[in-house]
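Listed below, chain by chain, are the residues.
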Amino acid sequence: ISNPTNENQGLLFSTVAMIIPCIAGFSLIFDLIIPLLMPHGETIGKKIFSLGIVSKSGYKLNKIYYLPRWLIYIGFEYILGICTFGGCFLISYTMFLFMKNRRCMHDLLSNSVVIDMKESIYFDSPLEEKKYEQLKAYVGWYWHVSPDMNWGITTRYVWQKRHNYWKDKSEI
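Engineer: Quick question: what am I supposed to make of the overall build of the protein here?
Structural biologist: Looking only at helices and strands, one finds 6 helices and 6 strands in the protein. Sequence-ordered secondary structure for the protein, helices as α and strands as β, is α-α-β-α-α-α-β-α-β-β-β-β. For the protein, long-range pairs separated by at least 24 residues make up 49% of all intrachain contacts whose partners lie at least 6 apart in sequence.

Here it is as structure tokens:
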């Protein structure tokens, strides 16, 4: 007669051994590969809610930094979360809820910030920001036609590299 405790431990080990690769594969696809393919590093949920990821300094996050960000996310949220029975996950998202800058642990450790793409102006580099400030100071107020065909005055601009001209933010 075999010992039921040993059978249960073997069953638990085999279950965990099957679940961890499934979770890692799921996370690899949805938390690393999809953000690498998106222009602003968004996951599917971030894309739905028009959110994006930028560096803490406010510039577009280079694609090279998505792998360390993902490794920190996996290491802290998943692996330490399993070891602490969800404690790390709870700490990270409690920080998100109650801290003023609303950043999770993986955002703090990877120096990234999640922003609202509709309401934020961000740049690829400090040089682009300097060009923006120079043009903004030079042009000042100007007339534009908003999408609903009403005339108005604005000073809000967003640099559109693909079109190579300045565009009013309300037209995006």
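What follows continues from the structure just given.
Engineer: Looking at this structure, I do not really get the pattern of salt bridges. What am I missing?
Structural biologist: Any two side chains of opposite charge can pair, so long as their charged atoms come close to each other. Tallied over the full model, the rule gives 2 salt bridges. Lys47 is paired through a salt bridge with Glu42; the nearest N and O atoms lie 3.8 Å apart.

Engineer: Looking at this model, I keep getting lost on the layout of surface pockets. Mind explaining?
Structural biologist: In this approach the atoms are scanned with a rolling probe the size of a water molecule, which exposes any empty space left behind. The calculated volume of the second largest pocket comes to roughly 520 Å³. Lining the second largest pocket are 24 residues, and of these Lys46, Arg69, His106, Asp107 and Val114 sit closest to its centre. Mapped by element, the contributors of at least two residues to the lining of the second largest pocket are α1 (4–37), α2 (44–48), β1 (51–55), α3 (66–83), α4 (87–98), α5 (105–110) and β2 (112–116). If one sorts the elements of the lining of the second largest pocket by residue count, α3 sits on top with 4 residues.

Engineer: Is there a simple way to think about the packing of α3 against α4 in this case?
Structural biologist: As a packed pair, α3 and α4 sit with axes 6 Å apart at the nearest point and diverge in direction by 130°. The angle between the axes of α3 and α4 places the two elements in the oblique class. Between α3, through Tyr73, Phe76, Glu77, Leu80 and Gly81, and α4, the contact on the second element is made entirely by Gly87, Cys88, Phe89, Ser92 and Tyr93. Its residues assigned to classes, the contact of α3 with α4 comprises 6 nonpolar, 3 polar and 1 charged.

Engineer: Quick question: what am I supposed to make of the nonpolar core here?
Structural biologist: As a rule of thumb, nonpolar side chains are buried together in soluble globular proteins. Residues Leu32, Ile53, Leu61, Tyr66, Trp70 and Ile74 constitute the largest nonpolar core, which totals 6 residues. At 3 residues, the largest contribution of residues to this core is made by α3. Apart from residues no more than four positions distant in its own chain, Tyr66 is found in contact with Leu32, Leu36, His40, Gly41, Ile53 and Leu61.

Engineer: What am I meant to see in the side chain of Arg69 here?
Structural biologist: With respect to the helices and strands, Arg69 occurs in helix α3. A relative accessible area of 11% places Arg69 in the buried class. At a separation of 2.4 Å, a polar atom in the side chain of Arg69 contacts the side chain of Asp107.

Engineer: Got a minute to help me understand α4 in this structure?
Structural biologist: Counted at 1.5 Å a residue, the expected span for α4 with its 12 residues is 16 Å, and the 16 Å between its end C-alpha atoms agrees. Residues of α4 that are buried: Cys88, Ser92 and Met95. Taken end-on, α4 shows its buried residues confined to a sector of 60°, consistent with a single buried face. In α4, the exposed residues that point more than 90 degrees away from the buried face are Leu90, Leu97 and Phe98. Where α4 is buried, its residues meet α3 and α5.

Engineer: How should the state of the cysteines be read in this particular structure?
Structural biologist: Put plainly, two cysteines are in a disulfide when a covalent bond ties their sulfur atoms together. One pass over the full model with this rule turns up 0 disulfides. Sulfur of Cys88: no disulfide; nearest cysteine sulfur belongs to Cys83 and is 8.3 Å away.

Conventions and cut-offs
Residues numbered from 1 in each chain as written. Predicted model: local features only at pLDDT ≥ 70, side-chain atom pairs only at ≥ 80, totals over all residues. Heavy atoms only, no water. Helix = DSSP H or I, 4+ residues; strand = E, 2+ residues; numbered from the N terminus. Contact = heavy atoms within 4.5 Å. Salt bridge = Lys/Arg side-chain N within 4 Å of Asp/Glu carboxyl O. 1 Å grid on protein atoms, 1.4 Å probe; cavity = no way out; pocket = protein on both sides within 12 Å on 5 of 7 lines; lining within 4 Å. Points joined across faces, edges and corners; volume = space filled by probe spheres on them. Axes fitted to C-alpha atoms, helices over the stretch in contact; angles between N-to-C directions. Parallel < 35°, antiparallel > 145°, perpendicular 65-115°, else oblique. Nonpolar A, V, L, I, M, F, W, Y, C, P; charged D, E, K, R; others polar. Core = buried A, V, L, I, M, F, W, Y, C linked by side-chain atoms within 4.5 Å. Buried < 20%, exposed > 50% of the residue type's maximum accessible area, 1.4 Å probe, protein only. Polar contact = N/O pair within 3.5 Å; in protein donor to acceptor, adjacent residues only side chain to side chain. Expected span 1.5 Å × (residues − 1). Arc of directions from axis to C-beta. Disulfide = S-S within 2.5 Å.

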